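# Structural description and commentary
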Amino acid sequence: MLERFNSISENRSNLSELDAIKVAQILEASPNEVYLFNQRTLQIEYANPRATKNLSYSLEELQTMTVLDLETEFNLADFKRLITPLVNREVTQINWETTHCRADSSTYPVEVYLQLVKAEGKLCFFAIVVDISQRKNAEQSLQDKTKELASVASNIPGAIYRLRYSQDGTVKVEYVSDRAEDILELPLPEIYADFQQVVNLVHEADQDSFRALLQKALTELTPLCWEGRMITPSQRLIWIQVRSQAQRQADGSIIRYGVLLDITAQKQAELALQESEEKFRQLAENIDDVFWMIDTEMHRLVYASPGFEKIWGHSRQELAANPRNFLSWIYPEDRAAVKAAIPKQVLGEYDIEYRIIRPDGKIRWLRDRAFPVRDETGNVYRVAGIAQDITDQKNAVIELSRNQKLREVIFDEATDALYLIDPDTLIVLECNRRAVELLAAPNKEALLTKADYLYKEPFSKIEQTLAQQGMWNEELILITCQGDQFWGDVAWKKITIGTQITYLVRLTDISDRKSFEAELQTTNECLELTNQELECATRLKDQFLANMSHEIRTPLNAILGMSEGLKEGSFDIISEQQQQAVKTIDTSARHLLSLINDILDLAKIQSGKVTLNFDQANIKSLCESSLTFVRQQAYQKGIQLQTEINTSISSLNVDELRIRQVLINLLTNAVKFTPPGGKVTLTVHESTSRENIIFAVADTGIGIAPDQMSQLFEPFVQLDSNFNRQHGGTGLGLSLVRRLSELHGGSVSVESEVGKGSTFYVNLPYTEVYFISNGDFSTLSTQEITDFCQSFSILVANSDQPRLDTTCSYLEASGYQVTAVDNREDIFSILNNAPPDMIVIDLPSFDWEETVMIQELRQPVTVRTVPIIAITDEATDHSQEQLLAAGASYCLVKPVRLRYLLNQIQSLLNEEFPQ
């Protein structure tokens, strides 16, 4: 219409009179206000009837006014800024909302549409004004309703929502109240943006049921309800209930209006109630007692636990049929008392003991208690009770009474004297017949006095011991009422009789035992003197044998020399008979020399005078040189000799002469006891742990019986065998083998089977010496080791003499200056005078508390920085921690390998005295 009017205005000369009339009719009949006003003065030039009606002005009045007279919100400057784009032809139309003022000063809202048109050759503003009062009222009503709905939504215990389910399966949130943000812990913009975030919160166990709900909501228009669990972003588990109603839309989608409720507290209460009920059910159905409940108004049994059938022997159905049936099952003599007590159940005063007769005729004692259950008004509507089978307790009371008499008899007939003493006054309350006899009292009353004759120390000390340990014990000399003395073993103990605390004291006559101990002590002292004399004799014998080495060997060497000269004719030619005699002399002398060498070697070892000269010995050469000594003998008997060296180690740090002596002894025995045509094998290999080198000498000889194994390595012992006796021997060879192996820190073992042969194993530690520094190993030359070791002194303390000798010999052979000590007094004497560079102490060998021993070693100022290696029996981390805390530098647990000890000594010395 406006465009047409503009066209008419611009081409008025071309309009017919009929068209002009139609335009005028349209403007006059328009339901909206229509105005023409001057562009420059803004004076109203035309207004249609709707304008005059709405404003209550006449046309003539309006034509005297400007448009600003109708406005309530614009002044002239504001209006000009508003219409500037239209005047500058930047737009063809502008519109805005404002308020018009009527003639009676009332106002109403309008929307103005303004154009610039040409009328009668001049530019004018053409305005259509729409009264929007009804729209504004509707908007205000909608705002009011929205606020009201928001207020309702914020006060319900849940969130309301509107979801649109599209036919493609997607779900869009069109509205959700603020409460959803609190419940789901998701910001509302995220809920609006992606409904999947809400789906992702659903608990894994409830995902299937929730997705089924979404599918049902898409296909059905029925009301829906779902309960399930969700895990919020803060990992809080909540229970949710969702209810919704559906409306199908014109486009085929479904709108669902619903409410989302947080029912966590309700669910927790329900689960707690279920758990409580389940616990009660399990308790009631599994206890031996009978839990029962009756309805006082209906006079019926509500519940009886399974224990009823177990105790009473009747079914619960019988009891439910008539609760008073139980009266007929009660023992006749107790029935009246129970019947009289029943009315007290509602008062909470029902607690009675009675007997019942089971169907099998057995009588049981019960204790039955009841208490009232009240409703919210305080009225008793039920009575609950517990019936307990106390037959055993009743029988126990009877038994206790019988036992009381029995205890009195036992107390009085005990072989020890017994006293019951008051803990406050220390007065004897009771004593038995033996107490009267032992103290030679005229009667029991003579002993019911203060018990100070039963202890000698201050009683406060005894009381403290009783509180800490529960018992105090001491051996005393006591005096009888007749003045005689005797030894007594006195023990005090705190006991409770009923509710009274009492001291129970036992007194045992130990006079005979004390006499025996005195005799035993005298005997032990005699034995000690005898042992000392035997040790002295043994030591003198060993020293004698060792010192006689030169004196015995010298004449033998002369005999051997003379016999050899006679055999070779150096002195004169002798007859064949004389040759045979000289040969016998030579053979006997050599046999005697071998015997003396073995005896002297063993004596030197036992007296601690053997010094090992350690050096790097080639294993292959050692084996070959040992076999050389037996090749001739083996050849004569047709015995095959074999050598197998199965190790990558080429040399061994040992005393080569002594180890060759060990191998020669074993090889000689193997050849000696192997029949002609047999085989002897010398094998060398490493142990599984690669810490030992094992020399094995195996033969196919006569073997050794199991019962003779224990005697095999004893000196001067030959096994009782005819084959053995044919070859003679001193019986010292294997003893020397064992002693020399042990001096090297090794061991000897044997495997044998009669008639199939024997295998002797010599285990020697792989004693190539290393220095350990920060976990790195570096091998030193023999000279470097010797130079390093000789500059240090080591104190070795061990009361076990054989072990002390072995350890000292091993360390001396490694080049150290070793001081051996076998008693505590000498240890501290040496530490005060000349402290060593290192202390190695076998703690268990000294009869002293281990940590205290270490602490005492650290007391001298000169020893506080000396490394101490403590050897102990305890293999626990706790005990080793205590020793380290007491001052030990390092702890070793028995058995200790000498090679490992040597490496640890060198490691600590290297740390203490870096090169």
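For the structure itself, look to the data block above.
Overview of the structure. Note that this is a predicted model, so its numbers are computed, not measured.

A few words on the overall build of the protein chain. Of regular secondary structure, the protein chain possesses 31 helices and 34 strands. Across the 915 residues of the protein chain, 39% fall into the buried class. Considering only intrachain contacts with a sequence separation of at least 6, the fraction spanning at least 24 residues in the protein chain is 52%. On the protein chain, roughly 51000 Å² of surface is accessible, and the fraction owed to carbon and sulfur atoms is 51%.

For the rest of this paragraph, the subject is the sheet that holds strand β17 (residues 428-431). Pairing within the open sheet is antiparallel, and its 5 strands lie in the order β17-β16-β20-β19-β18. Two strands in the sheet have a free side with no partner beyond their single neighbour: β17 and β18 (471-479). Shown here is a sheet whose adjacent strand axes are inclined to one another by a mean of 30°, direction ignored. Pairing of β18 with strand β19 (residues 485-497) involves 9 bridges; the strand directions are antiparallel. Bridge pairing in β19 places E474 opposite V490. Across the sheet, helix α18 (residues 459-469) is in contact with β18, β19 and β20 (500-509); its angle to β18 comes to roughly 145°.

Turning to the packing of aromatic side chains, a few remarks are in order. Summed over the entire model, instances satisfying the criterion amount to 12 aromatic pairs. Seen in terms of ring centroids, F210 and W226 are 4.9 Å apart; in terms of plane orientation they differ by 65°. Their pairing is edge-to-face. With a gap of 16 residues between them, F210 in helix α11 (residues 207-219) and W226 in strand β8 (residues 224-231) connect regions that are remote in the sequence. Look at F210 and you get buried, because its relative accessible area is 5%. Given a relative accessible area of 6%, W226 falls into the buried group. Centroid distance F308 to W312: 5.4 Å. Interplanar angle 25°. Geometry classified as stacked. Highlighted residues: F308 and W312, both in helix α13 (residues 307-312), separated by 4 residues, approximately one helical turn. A residue is classified by how much of its surface remains accessible, and W312, at 4% relative accessible area, is buried. The side chain of K394 reaches across the aromatic face of W365, ending 4.6 Å from its centre. Lying over the aromatic face of W487, K514 brings its terminal NZ or CZ to 4.5 Å of the ring centre.

Spatially, the 5 strands line up as an open sheet ordered β7-β6-β10-β9-β8, and their pairing is antiparallel. The sheet is open, and its two borders are formed by β7 (171-176) and β8, each paired with just one other strand. Each strand of the sheet is rotated relative to its neighbour by a mean of 30°, with strand direction disregarded. With 8 bridges connecting them, β8 and strand β9 (residues 237-248) associate as antiparallel partners. Residue pairing in the sheet places M230 in a bridge with I238 of β9.

With respect to the helices, strands and loops of the structure, K637 is situated in helix α22 (residues 619-637). Buried charge K637 goes without a salt bridge, the closest partner of opposite sign being D699 at 10 Å. A distance of 3.2 Å separates a polar side-chain atom of K637 from the backbone oxygen of K672. For K637, the side chain forms a polar contact with the main-chain oxygen of T674, separated by 2.9 Å.

Let us look at the nonpolar core. F695 and I905 are the most contacted members of the largest nonpolar core, which has 60 residues in total. It is helix α23 (residues 656-672) that contributes the most residues to this core, 7 residues altogether. Not counting the four nearest positions on each side in its chain, F695 is found in contact with I619, L622, C623, L652, L663, T683, V684, F760, Y761, V762 and L764. In this structure, A159, V198, L213 and L214 belong to the second largest nonpolar core, which totals 31 residues.

So, about the packing of α23 against helix α25 (residues 733-743). It is the contact of α23 with α25, at a shortest axis distance of 9 Å, that shows an interaxial angle of 150°. The two elements α23 and α25 cross, and the hand of that crossing is left-handed. Residues R658, Q661, V662, N665, L666 and N669 of α23 pack against G733, L734, L736, V737, L740 and S741 of α25. Per-class residue counts for the contact of α23 with α25 are 6 nonpolar, 5 polar and 1 charged.

Moving on, we come to the pattern of salt bridges. Tallied over the full model, the rule gives 33 salt bridges. Measuring nitrogen to oxygen at the nearest pair gives 3.8 Å for the salt bridge that ties K136 to E139. With K136 and E139 both in helix α7 (residues 133-155) and 3 residues apart, the pair spans about one turn of that helix. Between E227 and K267 there is a salt bridge; the shortest N-O distance is 3.3 Å. Here E227 is found in strand β8, whereas its partner K267 is found in helix α12 (residues 264-286), with 40 residues between them in sequence. The partly exposed category is assigned to E227, whose relative accessible area is 36%. What you see here is one network of salt bridges that share partners, running through E97, E111, R135, K136 and E139.

Let us look at α22. End to end, α22 covers 27 Å across 19 residues, agreeing with the expected 27 Å (1.5 Å per residue, within 8%). The largest bend along α22 measures about 45° and falls at V630. If you check which residues of α22 are buried, you get I619, L622, C623, S626, L627, V630, A634 and K637. Regarding α22, its N-cap is N618, as a side-chain oxygen of that residue lies 3.1 Å from the backbone nitrogen of K620 further along. At the C-terminal side of α22, G638 shows a positive phi close to 70°.

What counts as what
- Residues numbered from 1 in each chain as written.
- Predicted model: local features only at pLDDT ≥ 70, side-chain atom pairs only at ≥ 80, totals over all residues.
- Heavy atoms only, no water.
- Helix = DSSP H or I, 4+ residues; strand = E, 2+ residues; numbered from the N terminus.
- Buried < 20%, exposed > 50% of the residue type's maximum accessible area, 1.4 Å probe, protein only.
- Contact = heavy atoms within 4.5 Å.
- Areas by Shrake-Rupley, 256 points an atom, 1.4 Å probe, with all protein chains shown as cover.
- Pairing = 2+ DSSP bridges.
- Axes fitted to C-alpha atoms, helices over the stretch in contact; angles between N-to-C directions.
- Phe/Tyr/Trp six-rings, centres within 6.5 Å; stacked < 30°, edge-to-face > 60°.
- Lys NZ or Arg CZ within 6 Å of the ring centre and 35° of its normal.
- Lys, Arg positive; Asp, Glu negative; His and termini not counted.
- Salt bridge = Lys/Arg side-chain N within 4 Å of Asp/Glu carboxyl O.
- Polar contact = N/O pair within 3.5 Å; in protein donor to acceptor, adjacent residues only side chain to side chain.
- Core = buried A, V, L, I, M, F, W, Y, C linked by side-chain atoms within 4.5 Å.
- Left-handed = near helix turned anticlockwise from the far one by under 90°.
- Nonpolar A, V, L, I, M, F, W, Y, C, P; charged D, E, K, R; others polar.
- Expected span 1.5 Å × (residues − 1).
- Bend = angle between axes of the 7 residues up to and from the residue.

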